[in-house]
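Here's the letter readout for the chains.
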Amino acid sequence: MILEILGHTYQYEAEKLLRVFFPNETLRVVREKAEASGEPVVTTALNNREALVRFADDAGVTQASSAIGGDGELSMMTLLFSVLRERTGYTPKWGLLTGVRPSKLFWKLENERGKDEAERYFTDTLFVSPEKTALASTVCAHEAAALRLSRPESCSLYVSIPFCPTRCSYCSFVSQAVSTPSARRLIPRYVELLAKELQTTGALARALGLRLETVYFGGGTPTTLSAAELATLLAAVRESFDLSHLREYTVEAGRPDTVTVEKLEALKAGGVTRVSINPQTFNDDVLRAIGRRHTAAETEEAYRVARAQGFDTINMDFIAGLPGETEASFCHSVDMAAKLDAENVTVHTLSLKRASTLTAAGTQFDAQGAARADRMLRYAAETLQNAGYAPYYMYRQSKTLGNLENTGYTKPGHAGLYNIYMMEECHTVLGAGAGAVTKLKAPHGTDITRIFNYKYPYEYTEGFDELLARKRAIPAFYETHAADGR
């Protein structure tokens, strides 16, 4: 499929929207009229404030034109949306929205115009379905209390552990599967250097007077490390940062086959208050198909062990749309999470990431799968809310089945603050470890600057000195914005 961008600068938005309607097509973008090739051609053209969108393929031509209003991007995307919807007969539930953070947009609109006007803008201008508009509105209402806790000097800490027992078929993260000796050999040096990076980062945070609110160990699977290695890193956090204002401390123990009493004891002794035990499904056949080496029974046992060690906030993750997952088995997984009474349940939608083995194997989405995933999400929402959970954060990914969303549900008093702070970008998040990103947020403004660590563990160890040098941008950023609040 060819996308023609003629006379305007809205290529990124047009590409994203076109992929919502045609997720399996290979897209070629050109900035001039394309030569005839037999491929479907989508033309988006702007000339003297007049916009034209034209869809042409062997089945015929669909086109529309209109004058461009004050918001040129919105006008062009509205026109493109109308043509694609007419041509395909498909109306995405998130309408024009292709971004990661629809709740952040809703929050902004609500603060500027009020809740009713925000809802009207979502449904009438952005063509978001009433169901998804209500979800965004509800999420914002539950985020409000957490966002009020964040102050100009607040920050969070993300610690990346890029190792896993095996690589799941849907995963595109930079984690190393420790099933290979070469990956296992990386771990001791990685832990040593990560502890040093935490010391450097903590010293900068203290010097700047930053107030650490949440800590999150993610990956990868942090509990791939040994109990002693986890204890080393937890000690580095404790010794390097002022934890007197800490509100929550989370470690992903995501793979049940990595959970042991010794590791959980190390986490508890290190001050961790929340863990994730992430089954993704309670269907053993699907677990084998996606490359996991544990069973549903082992997930239940890991959950009970974590509970016995005194963890009173446990999250469980599930993915709607996994290959081989039926509606019945997905619904059973949601029922199991509610029965176990996990405080948090996060329901993801399958996303075909470019670097995943599913994508490499040629997996494609279809309308039936998208409709099935939508029914799965609706079942999860109804079941969990009837069981006392509320949707408290939500985000979206590219190339997601049905262009659907990921939603975190919580029991009262157990909302994951880090998840909210990361999604809503309300304060600085300091990143440490391979693949981590430090996201600096101006204390009294909206400016955001990112500092990227090296992605892979071997790059991290080889380029460690350069990585530490990049951290100098943290105090420089705060110095630049020192006068913003005066």
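This text gives an overview of the structure that appears in the document. Quantities reported herein were computed from a predicted structural model and do not represent experimental measurements.

Interaxial distance between helix α3 (residues 102–113) and helix α4 (residues 115–125) falls to 7 Å at its minimum, and their mutual angle equals 135°. When the axis of α3 is compared with that of α4, the two are oblique. α4 is crossed by α3, and the crossing has right-handed handedness. Taking contact as the criterion, the partners of P102, L105, F106, L109, E110 and R113 in α3 are, on α4, K115, E117, A118, E119, Y121 and F122. Of the residues that constitute the contact of α3 with α4, the class distribution is seven nonpolar, no polar and five charged.

We now examine the environment of S156. Tracing the backbone through its elements, the reader meets S156 in strand β6 (residues 154–161). Using a relative accessible area of 0% as the deciding quantity, one classes S156 as buried. Sequence separation of S156 and V429 is 273 residues, and the distance between their C-alpha atoms is 4.7 Å. Excluding anything up to four places from it in sequence, S156 contacts L212, T214, Y418, Y421, H427, T428, V429 and L430. Here H427 takes part through its side chain, which lies 2.8 Å from a polar atom of the side chain of S156.

Bringing the pairing of strand β12 (residues 314–320) into the picture now. A large share of β12 lies buried, amounting to seven of its seven residues. Sheet topology places strand β11 (residues 274–276) next to β12; two bridges connect them, and they run parallel. For S276, the partnering residue across the bridge sits in β12 and is N315. In this structure, β12 lies alongside strand β13 (residues 344–349), joined through six bridges in parallel fashion. By the bridge assignment, N315 is partnered in β13 with N344. Chirality of the crossover, the property in question, places the unit of β12, helix α11 (residues 327–340) and β13 among those that are right-handed.

It is worth spelling out the environment of P391 at this point. Of note, P391 is situated in strand β14 (residues 390–396). Under the relative-accessibility criterion, P391 is labelled buried at 2%. Excluding anything up to four places from it in sequence, P391 contacts L135, T138, V139, H142, Q385, T407, G408 and Y409.

With the rule as written, the count across this model stands at 29 salt bridges. The salt bridge partner of E248 is R274, with a shortest N-O separation of 3.8 Å. With a gap of 26 residues between them, E248 in strand β10 (residues 248–252) and R274 in strand β11 connect regions that are remote in the sequence. Accessibility classification places E248 together with R274 in one group, the buried group.

Reading the values: rules and limits
- Residues numbered from 1 in each chain as written.
- Predicted model: local features only at pLDDT ≥ 70, side-chain atom pairs only at ≥ 80, totals over all residues.
- Heavy atoms only, no water.
- Axes fitted to C-alpha atoms, helices over the stretch in contact; angles between N-to-C directions.
- Helix = DSSP H or I, 4+ residues; strand = E, 2+ residues; numbered from the N terminus.
- Parallel < 35°, antiparallel > 145°, perpendicular 65-115°, else oblique.
- Left-handed = near helix turned anticlockwise from the far one by under 90°.
- Contact = heavy atoms within 4.5 Å.
- Nonpolar A, V, L, I, M, F, W, Y, C, P; charged D, E, K, R; others polar.
- Buried < 20%, exposed > 50% of the residue type's maximum accessible area, 1.4 Å probe, protein only.
- Polar contact = N/O pair within 3.5 Å; in protein donor to acceptor, adjacent residues only side chain to side chain.
- Pairing = 2+ DSSP bridges.
- Right-handed = clockwise from strand over helix to strand, strands pointing away.
- Salt bridge = Lys/Arg side-chain N within 4 Å of Asp/Glu carboxyl O.

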